[in-house]
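Okay, here's what each chain looks like letter by letter:
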Amino acid sequence: MSEPFVEVVDEATLQERVAQLGSEISADYEGTPPIVVGVLKGSLPFMTDLVKHLPFGVELDFLSLTRFGHHGRVSLAMDTSLSMDGRDVLIVEDIVDTGLTLTTLRRLMEVKGARDVRTVALLDKATRRIVDVPVEYRGFEVGDEFLLGYGLDWEGRFRNVRSLWGVMDLKTLADEPQLFAQKVFGEGALIRGVAAAR
Ligand code: IMP
């Protein structure tokens, strides 16, 4: 049987690309530090690593969204706290898929009076786009498989995995999530409610 879980980007490659994105962004924003807005919860590991490569005093802010159904409406669960009025805003996203989330976010920042809105997305599932939305900085273009780790979750879990994995068999993940936990955290790894099989 083929492997249900495949590492698609290892930790060193992720870190190298994040550093490159940091350099690109730093060059473009020279002199006008943006407000960096992270979209919770998926962007957290990426944002934490990225901002370490920005050599200016950025301000950080966060928001979180709730989505109803796969292609459904997106609503704001937690709003930003800083004033965006007249500011340059850099949205940090884990992954852009249909583009619906990002479209809503960009509009929101514009409504808040941002002077300029750009996006850095670690991953881009460009072939799945429903709405055309600009992504100024992107880490990797990926296929349409379900991805997990480095911020991306399955049922709220595994955001803390240090590299990026492709799930080739979603049924195996749903039936035996401990197999993935063992693969990434080692023998004996525990996940909520399930003890790893020995
Ligand atoms: P969009 O609105 O369809 O562009 O969806 C973007 C959001 O979908 C991301 O912020 C993720 O939360 C989620 N998402 C899309 N693809 C994946 C994936 O492969 N794994 C985990 N979450 C994903």
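What comes next is a walk through the structure. (Residues numbered from 1 in each chain as written. Predicted model: local features only at pLDDT ≥ 70, side-chain atom pairs only at ≥ 80, totals over all residues. Heavy atoms only, no water.)

Bringing the overall build of the chain into the picture now. Summing up its helical and strand segments, the chain has five helices and nine strands in all. For the chain, the sequential pattern of α-helices and β-strands runs β-α-β-α-β-β-β-α-β-β-β-β-α-α. Against the 2.2 N^0.38 benchmark of 16 Å for 198 residues, the chain shows a C-alpha radius of gyration of 18 Å, consistent with a compact globule. In terms of overall dimensions, the chain has C-alpha extents of about 55 × 35 × 30 Å along its principal axes. Sequence separation of at least 24 residues holds for 60% of the intrachain contacts in the chain that already meet a minimum separation of 6. (Helix = DSSP H or I, 4+ residues; strand = E, 2+ residues; numbered from the N terminus. Rg over C-alpha atoms; globule rule 2.2 N^0.38 Å. Contact = heavy atoms within 4.5 Å.)

Another aspect to go through is the nonpolar core. If you look at soluble globular proteins, the nonpolar side chains tend to sit buried side by side. Membership of the largest hydrophobic core comes to 26 residues, with the highest contact counts inside it found for Ile25, Phe46, Leu50, Val120, Leu122 and Leu123. Those elements giving two or more residues to this core turn out to be α1 (11–28), α2 (44–51), β5 (88–96), β6 (116–124) and β7 (137–141). Residues contacting Leu123, with those up to four places away along its chain left out, are Asp94, Ile95, Val96, Phe140, Val142, Leu147, Leu152 and Leu164. Counting residues in hydrophobic clusters, the runner-up holds 18 residues, among them Val39, Leu105, Val117 and Val133. (Core = buried A, V, L, I, M, F, W, Y, C linked by side-chain atoms within 4.5 Å. Buried < 20%, exposed > 50% of the residue type's maximum accessible area, 1.4 Å probe, protein only.)

We now examine the sheet that holds strand β4 (residues 74–78). Judged by pairing direction, the sheet is mixed, and its six strands sit side by side in the order β4-β3-β2-β5-β6-β7 without closing on themselves. In this open sheet, the two strands that pair with only one neighbour each are β4 and β7. On average, adjacent strands in this sheet sit at an angle of 30 degrees to one another, irrespective of strand direction. On the sheet, α1 packs against β5, β6 and β7 and is oriented at approximately 155 degrees with respect to β7. Packing against the sheet, helix α3 (residues 100–111) makes contact with β2 (35–40), β3 (59–67), β4, β5 and β6, and its axis sits at approximately 170 degrees to β5. (Pairing = 2+ DSSP bridges. Axes fitted to C-alpha atoms, helices over the stretch in contact; angles between N-to-C directions.)

Glancing now at the pattern of salt bridges. For the structure shown, the criterion picks out 14 salt bridges. Among the salt bridges present, the one from Asp97 reaches Arg128, with a minimum N-O distance of 2.5 Å. Here Arg128 lies in the loop between β6 and β7 and Asp97 lies in the loop between β5 and α3, a separation of 31 residues in the sequence. Exposure remark for Asp97: the relative accessible area of 16% places this residue in the buried category. With its nearest N and O atoms 3.5 Å apart, the salt bridge here joins Asp153 to Arg159. One network of salt bridges, in which partners are shared, links Asp124, Arg129 and Arg138. (Salt bridge = Lys/Arg side-chain N within 4 Å of Asp/Glu carboxyl O.)

Glancing now at the site of the ligand. Surveying the vicinity of the ligand reveals 16 residues, the closest of which are Arg67, Thr98, Thr101, Lys125 and Leu147. Within the contact set of the ligand, an oxygen atom lies 2.8 Å away from a backbone nitrogen or oxygen of Asp97. In the complex, 84% of the free accessible area of the ligand, which totals 490 Å², lies under the protein chains. Tallying contributions element by element places β5 first for the shell around the ligand, with four residues. (Near = heavy atom within 4 Å. Polar contact = N/O pair within 3.5 Å; in protein donor to acceptor, adjacent residues only side chain to side chain. Areas by Shrake-Rupley, 256 points an atom, 1.4 Å probe, with all protein chains shown as cover.)

Remember that the coordinates give geometry; whether it matters functionally is a separate question.
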